[in-house]
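# Analysis of the macromolecular model
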Amino acid sequence: MWAARALLLLLPALWAGGARAGFCEDRLYAGRSYTICEADAARDEIRLFLRDGQDRLLGQFFAVEDLLKAQGKRLGFAMNAGMYHEDRSPVGHYRENGVELMRVIPNAGPGNFGLLPNGVFCIRAGRADVIETRRFLREAPQCDHASQSGPMLVIDGALHPRFRAGSTSRYLRNGVATSADGRRAVFVISNERVSFHEMGSFIRDALKLPQALYFDGNVSRLYAPDMGRADAGFLLGPIVGVVTAAD
């Protein structure tokens with residue numbers, strides 16, 4: 001599987017002369033391959049996308065690109081950003097451009113989303129944070145964009161208490177991790193099937209990030225044009241991406 005994906009990948013992202021050459025790079029940890037895409041929330045424009053101005057579902061990376069092209073912008077990278085119902089509406093809390101489309105879901109429930117603690121990815125001016133849901137409700141941050149998903153992968157530097165080493169439940173998985181100061185937002189997707197424990201350990205031990213949230217599995221997809229990668233598949237629900245000026 002990884003050999004096929006490798007055909008889509010070019011050189012890793014580099015920083016040169018203080019200017020960014022790309023957002024994404026491949027990383028190997030404990031024998032598993034991942035791609036990470038990093039954004040600086042104090043400098044980069046991180047946004048969520050669900051529908052266009054006519055309330056039509058976007059659902060695909062190319063549709064987001066078309067929407068941005070009309071504004072003289074483009075996607076630096078993007079990935080799916082949380083679980084969704086059959087009609088592609090968000091399962092949990094969702095906010096886009098300051099407008100709440102779905103409330104916070106605080107209670108436990110079936111499936112990965114309800115495997116508490118879960119969390120919210122919150123984007124504000126100058127910072128982006130993964131916040132555990134109960135803390136999110138207590139603090140009530142004013143997010144410009146927000147997407148709730150679950151489970152949390154890393155909570156204050158510790159793995160989710162339900163994760164077990166040696167688990168045989170493995171899928172292609174993706175999620176997001178953030179730094180304590182809210183500047184680093186690192187989006188992670190596995191390039192092969194991994195367990196929750198493996199993915200959480202990569203974020204905690206290799207990326208050294210204290211908070212991380214699972215977005216989804218099996219449907220996980222990445223758009224990284226600087227790497228020549230554009231994963232295809234069924235329509236998605238919420239999409240997160242970094243917006244840049246068009247070339």
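Refer to the structure above for everything that follows.
An account of the accompanying structure is given in this report. (Residues numbered from 1 in each chain as written. Predicted model: local features only at pLDDT ≥ 70, side-chain atom pairs only at ≥ 80, totals over all residues. Heavy atoms only, no water.)

Bringing the environment of Leu213 into the picture now. Mapped onto the elements of the fold, Leu213 is located in strand β16 (residues 211–217). Taking the C-alpha atoms as reference points, Leu213 and Asp129, 84 residues apart in sequence, are found 9.9 Å from one another. (Helix = DSSP H or I, 4+ residues; strand = E, 2+ residues; numbered from the N terminus.)

This part covers the pairing of β16. Burial within β16 is extensive, with 7 of its 7 residues counted as buried. Across 2 bridges, the pairing between strand β12 (residues 152–155) and β16 is antiparallel. Considered in β16, the bridge of Met152 is made with Leu213. (Buried < 20%, exposed > 50% of the residue type's maximum accessible area, 1.4 Å probe, protein only. Pairing = 2+ DSSP bridges.)

For the rest of this paragraph, the subject is unusual backbone geometry. Trans is the prevailing form of peptide bonds, just as negative phi is the prevailing case for residues other than glycine. Cis geometry marks the peptide bond from Leu116 to Pro117; its omega dihedral reads 0 degrees. Note that Pro117 resides in the loop between β8 (99–102) and β9 (119–124). Residue Pro151 is bonded to the preceding Gly150 through a cis peptide linkage, with omega at 5 degrees. Mapped onto the elements of the fold, Pro151 is located in the loop between β11 (145–149) and β12. With a phi angle near 75 degrees, Arg88 is a residue other than glycine that sits in the positive phi range. Along the chain, the position of Arg88 falls in the loop between β6 (73–80) and β7 (94–96). Here Asp156, not a glycine, exhibits a phi torsion of approximately 50 degrees, which is positive. Looking at where Asp156 falls in the secondary structure, it is placed in the loop between β12 and β13 (158–159). Using a relative accessible area of 60% as the deciding quantity, one classes Asp156 as exposed.

Bringing helix α4 (residues 196–206) into the picture now. For α4, the complete set of buried residues consists of Phe196, Glu198, Met199, Gly200, Ser201, Phe202 and Ile203. After α4 finishes, the residue Lys208 shows a positive phi value of roughly 60 degrees.

So, on to the sheet that holds strand β17 (residues 222–224). The strand order across the open sheet built from 5 strands is β5-β19-β6-β17-β18, with neighbouring strands paired in antiparallel fashion. The sheet is open, and its two borders are formed by β5 (45–49) and β18 (229–230), each paired with just one other strand. Relative to strand β19 (residues 239–245), β6 runs antiparallel, the two being bridged by 7 bridges. When the sheet's bridge partners are listed, Met79 is paired in β19 with Val240. Its contacts with the sheet place helix α2 (residues 61–69) against β5, β6, β17 and β19, and it is angled at close to 155 degrees to β6. (Contact = heavy atoms within 4.5 Å. Axes fitted to C-alpha atoms, helices over the stretch in contact; angles between N-to-C directions.)

These results come straight from atomic positions and should not be treated as a statement about function.
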